[in-house]
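Fold and geometry: a report
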Amino acid sequence: MITTRRTLARGAAWAAPAVLATVAVPAYAASSTLPEETYDTVALNQAIQGTMNIQANCRAYPTTLSIQGDSKASQPLYVAGAKSTSLISETSYTLYVANRIPVSGWKAIGADSGWTVPVRDTTAPQKRGFTAYTTTYTANNWVYDAATGRHTIATVPNFTALTDFCASGNQIYGVRKATVDGIIYSREVGPVTLR
């Protein structure tokens, strides 16, 4: 049997099903008991867990769209399944917004979080009918917690943007990406309907 690029892509999509963005994904129970020298590849393939809140506010004009990571101790952004000595870098979050929602003027909410202001990303894998906006974590301040077996980030992305179109009721996708010891892992969430 000949393996084509299309066949591989189909297999990859089947192997990594989407999970709803509005649900905090729990850590894998086995990840904290693994021998330190091994990787939990299941958890790494679900890289960058925790809660990301994407919200649309249509009560005023212009309306707003926001990206807000959850900074609570129980739901920060984290990577499970890596070694305690693993180097995590090149972390990013890409939000896919329907093309009919013109987004402009992304700006940070609060103090500098170590995440770049989201920009339109033409280098991200394209989704038909959607525009990609990416924010990158430049601080690279990951902390390993031996009790949970997780690497966590002290800060989360918090940004808002203006739009002339109410985004509520429209679908979005989110892609979280991190490089762990030189290997890129990513996790796609969606589609999720904005409320």
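Structure first, text after, so check above.
Residues numbered from 1 in each chain as written. Predicted model: local features only at pLDDT ≥ 70, side-chain atom pairs only at ≥ 80, totals over all residues. Heavy atoms only, no water.

**Thoughts on the sheet that holds strand β12 (residues 183–193)**
- Here we have 5 strands laid out as an open sheet, ordered β6-β7-β4-β11-β12, and antiparallel in their pairing. Each end of this open sheet is capped by a strand with a single partner; those strands are β6 (119–120) and β12.
- The pairing of β6 with strand β7 (residues 130–137) spans 2 bridges and is classified as antiparallel. The partner of Val 119 across the bridge, within β7, is Thr 134. (Pairing = 2+ DSSP bridges. Helix = DSSP H or I, 4+ residues; strand = E, 2+ residues; numbered from the N terminus.)

**What to know about the sheet that holds strand β3 (residues 78–80)**
- In space, the 3 strands of this open sheet follow the order β3-β9-β8, with antiparallel pairing throughout. Looking at which strands have only one partner, the edges of the open sheet turn out to be β3 and β8 (142–145). This sheet shows a mean twist of 25° between the axes of neighbouring strands, independent of strand direction.
- The sheet contact formed by β8 and strand β9 (residues 150–153) spans 4 bridges and is antiparallel. Bridging across to β9, Val 143 finds its partner in Thr 152. (Axes fitted to C-alpha atoms, helices over the stretch in contact; angles between N-to-C directions.)

**Examining the nonpolar core**
- Judged by nonpolar contacts, the single largest core of 39 residues is most densely connected at Ile 54, Leu 65, Leu 95, Val 103 and Trp 106.
- Taken together, the elements giving at least two residues each to this core come down to β1 (52–57), β2 (63–69), β4 (88–98), β5 (103–108), β7, β10 (158–163), β11 (171–180) and β12.
- Ranked by residue count, the leading element in this core is β4, at 6 residues.
- Discounting chain neighbours no more than four positions away, the residues touching Ile 54 are Leu 65, Ser 66, Ile 67, Tyr 93, Leu 95, Ile 172 and Leu 194. (Core = buried A, V, L, I, M, F, W, Y, C linked by side-chain atoms within 4.5 Å. Buried < 20%, exposed > 50% of the residue type's maximum accessible area, 1.4 Å probe, protein only. Contact = heavy atoms within 4.5 Å.)

**Re the packing of aromatic side chains**
- Inspection of the entire model under this criterion finds 4 aromatic pairs.
- Between Trp 115 and Tyr 137, the ring centres sit 5.1 Å apart and the planes meet at 35°, which makes this aromatic pair tilted. With Trp 115 in the loop between β5 and β6 and Tyr 137 in strand β7, this residue pair connects regions lying 22 residues apart in the sequence.
- Residue Trp 115 is classed as buried on the basis of its relative accessible area, which comes to 6%. (Phe/Tyr/Trp six-rings, centres within 6.5 Å; stacked < 30°, edge-to-face > 60°.)

**Section: the environment of Gln 49**
- Relative to the assigned elements, Gln 49 resides in the loop between α2 (41–44) and β1.
- Overall, Gln 49 belongs to the buried group, its relative accessible area being 0%.
- Taking C-alpha positions, Gln 49 is 5.3 Å from Tyr 78, a pair spaced 29 residues apart along the chain.

**Topic: the state of the cysteines**
- The full count for this structure, using the stated rule, is 1 disulfide.
- Note that Cys 58 is cross-linked by a disulfide to Cys 166, the S-S spacing being 1.8 Å. Residues Cys 58 and Cys 166 are joined through a disulfide that is right-handed, its torsion about the S-S bond being 90°. With a gap of 108 residues between them, Cys 58 in the loop between β1 and β2 and Cys 166 in the loop between β10 and β11 connect regions that are remote in the sequence.
- The class for Cys 58 is partly exposed, based on a relative accessible area of 31%. (Disulfide = S-S within 2.5 Å.)

**Topic: the pairing of β7**
- Counting buried positions along β7 yields 7 of 8 residues, so the element is predominantly enclosed.
- The pairing of β4 with β7 spans 8 bridges and is classified as antiparallel. Note that in β7 the partner of Thr 94 across the bridge is Thr 134.

**Regarding unusual backbone geometry**
- The step from Gly 190 to Pro 191 runs through a cis peptide bond, and the omega angle for that step is 5°.
- One can find Pro 191 in strand β12.
- Located in the positive-phi region is Asn 140, a residue other than glycine, with phi close to 50°.
- For Asn 140, the location among the structural elements is in the loop between β7 and β8.
- At Asp 181, a residue that is not glycine, the phi angle is positive and equals roughly 50°.

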